[in-house]
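# Commentary on secondary and tertiary structure
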Amino acid sequence: MSRIAILTRPDSRNEALARELRAAGWHVLELPALEIRPLPVQPAALPLPQDHDLVVFVSGNAARLYMTQLRDVAGQAAWPLATAAATVGPASARALRNLPGFGADTTVLCPPPEAPTHDSEALWAVLRARGPLPRRVLLVRGTQGRDWLAERLEAAGAQVFRHAVYQRQPAPWPAAAVRQLHDWAGQGAQPTWLLTSGEGLAAVQAQVRQLGLHDWWRACPCIVTHPALARRLQHDAGGDAPAPMVKVCLPVDEAILAAFVAA
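Predicted, not measured: the structure shown is a model, and the values here were computed from it. (Residues numbered from 1 in each chain as written. Predicted model: local features only at pLDDT ≥ 70, side-chain atom pairs only at ≥ 80, totals over all residues. Heavy atoms only, no water.)

Across its full length, the protein carries ten helices and eleven strands. Whereas a compact globule of 263 residues would reach a radius of gyration of roughly 18 Å, the protein reaches 20 Å, a difference of no more than 12%. Projected onto the principal axes, the alpha-carbon positions of the protein cover approximately 60 × 35 × 35 Å. Per-residue burial over the protein gives 47% buried out of 263 residues. Taking the intrachain contacts of the protein between residues at least 6 apart in sequence as the baseline, contacts between residues at least 24 apart amount to 65%. When the accessible surface of the protein is split by element, carbon and sulfur atoms take 53% of a total near 12,700 Å². Seen as two clouds, the 25 positive and the 22 negative side-chain charges of the protein have centres 1 Å apart. (Helix = DSSP H or I, 4+ residues; strand = E, 2+ residues; numbered from the N terminus. Rg over C-alpha atoms; globule rule 2.2 N^0.38 Å. Buried < 20%, exposed > 50% of the residue type's maximum accessible area, 1.4 Å probe, protein only. Contact = heavy atoms within 4.5 Å. Areas by Shrake-Rupley, 256 points an atom, 1.4 Å probe, with all protein chains shown as cover. Lys, Arg positive; Asp, Glu negative; His and termini not counted. Charge placed at Lys NZ, Arg CZ, Asp CG, Glu CD.)

Here the structure, examined in full by the defined rule, presents eight aromatic pairs. For the pair F57 and Y66, a centre-to-centre distance of 5.9 Å together with 55° between the ring planes defines the contact as tilted. Considered together, F57 and Y66 belong to a single accessibility category, that of buried residues. Ring geometry for W193 against W216: centres 6.4 Å apart, planes inclined by 70°, an arrangement best described as edge-to-face. Here W193 is found in strand 9 (residues 192-195), whereas its partner W216 is found in helix 8 (residues 214-218), with 23 residues between them in sequence. The buried category is assigned to W193, whose relative accessible area is 0%. Among the residues examined, W216 registers a relative accessible area of 14% and is labelled buried. (Phe/Tyr/Trp six-rings, centres within 6.5 Å; stacked < 30°, edge-to-face > 60°.)

Let us look at the domain arrangement of the protein. The assigned domain composition of the protein is domain 1 (4-33 + 172-262) and domain 2 (37-168). Relative placement of domain 1 and domain 2: their C-alpha centres are 29 Å apart. Between domain 1 and domain 2, the contact holds seven residues from the first and nine residues from the second. Of the roughly 780 Å² buried where domain 1 meets domain 2, counting both sides, 50% is carbon and sulfur surface. (Domains from an automatic or database assignment. Buried area = accessible area lost by both parts, 1.4 Å probe.)

To continue, consider the pattern of salt bridges. In the structure shown here, the tally under the stated rule is eleven salt bridges. In this structure, the salt-bridge partner of D215 is R218, at a minimum N-O distance of 3.9 Å. Linking D215 with R218, this pair stays in helix 8, spanning three residues, or about one helical turn. A cluster of three or more residues bridged by salt bridges with shared partners is formed by R141, D147, E154 and R162. (Salt bridge = Lys/Arg side-chain N within 4 Å of Asp/Glu carboxyl O.)

Turning our attention to the UniProt feature "domain: Tetrapyrrole biosynthesis uroporphyrinogen III synthase" (unreviewed entry) in the protein. Sites flagged by UniProt as "domain: Tetrapyrrole biosynthesis uroporphyrinogen III synthase" (unreviewed entry) map to residues 16-234. The span residues 16-234 is 40% helix and 21% strand, and its two end C-alpha atoms sit 29 Å from each other. (UniProt positions renumbered as here; feature names shortened; annotations may be inferred.)

In this section: the sheet that holds strand 2 (residues 27-30). Strand order in the open sheet formed by five strands is 2-1-9-10-11, and the pairing between neighbours is parallel. Looking along the sheet, the strands with just one partner apiece sit at the ends: strand 2 and strand 11 (246-248). Each strand of the sheet is rotated relative to its neighbour by a mean of 20°, with strand direction disregarded. The strands that helix 1 (residues 15-23) touches are strand 1 (4-7), strand 2 and strand 9; relative to strand 2, the one it contacts most, it runs at about 165°. Along the sheet face, helix 10 (residues 253-261) touches strand 1, strand 9, strand 10 (222-224) and strand 11 and points at about 160° away from the line of strand 9. (Pairing = 2+ DSSP bridges. Axes fitted to C-alpha atoms, helices over the stretch in contact; angles between N-to-C directions.)

Moving on: the pairing of strand 8 (residues 159-170). Pairing of strand 3 (residues 34-38) with strand 8 involves five bridges; the strand directions are antiparallel. If you follow P38 over to strand 8, its bridge partner there is Y166. When strand 7 (residues 136-142) meets strand 8, the two strands line up parallel, connected through seven bridges. Note that in strand 8 the partner of R136 across the bridge is Q159.

Position of H226 among the secondary structure elements: in the loop between strand 10 and helix 9 (227-237). Engagement of the side chain of H226 in a polar contact is seen with the backbone nitrogen of A228, the distance being 3.0 Å. If sequence neighbours within four positions are ignored, H226 has contacts with D119, V248 and C249. (Polar contact = N/O pair within 3.5 Å; in protein donor to acceptor, adjacent residues only side chain to side chain.)

Let us look at the packing of helix 4 (residues 120-130) against helix 5 (residues 148-155). It is the contact of helix 4 with helix 5, at a shortest axis distance of 9 Å, that shows an interaxial angle of 30°. Between helix 4 and helix 5, the angle is such that the two are roughly parallel. In this structure, the crossing between helix 4 and helix 5 has a hand that is right-handed. Judged by residue contacts, S120, E121, L123, W124 and L127 of helix 4 engage W148, L149, R152 and L153 from helix 5. Of the residues contributing to the contact of helix 4 with helix 5, the split by class is six nonpolar, one polar and two charged. (Parallel < 35°, antiparallel > 145°, perpendicular 65-115°, else oblique. Left-handed = near helix turned anticlockwise from the far one by under 90°. Nonpolar A, V, L, I, M, F, W, Y, C, P; charged D, E, K, R; others polar.)

Take a look at the structure:
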């Protein structure tokens, strides 16, 4: 049996990686743990970038959905040049720059590709190293998420406005995919699971428990994109259970592919 990869990022995030993995000889199951549901917003409630010194996007989805709101709700086709943007990693920065209406000359701050992690802590280091912190910050995110960066900015005297553009919720798994998981468990196969968020990890754990596959899943190797996820997996193993086989890599396709190939 060929090596098996299970990709749990939301829809539209897995295709390119899946192609690369198949080309490298992997059998790939795209099995999103979460689905992204855009949230509606009234024109009066939509915060505008020109009213802020910095707009921070927590993900590529946050950037895409906010730019859609800006165009469709506010009728604003172009990003104001005076307002800088920031992302937690270079992949999200590339996605932001490729969006219609986002100016090529706009300042986009993000941790460099070689940074040890691509997360709020890494972005905070970039902001602090740049000089005076922005005074008015718009944080574009989902309905749930870490407040770590917002709290650091507020403690430094900034006004932080939080704006949710999407809701993440567990994605239903297709019946064919569920049958495939049961088949692999019955055969003793151990797919390698890609886990990229705390919410996604919780959703996967809930699904495999409901399917009666938690013990099998817990013995499978995992690739995670942040050390905190590795710690959660180790903690959840608990007691005398064997430690899960976990690799940590940066949340970019090149690093994820390399982690799979080296698995």
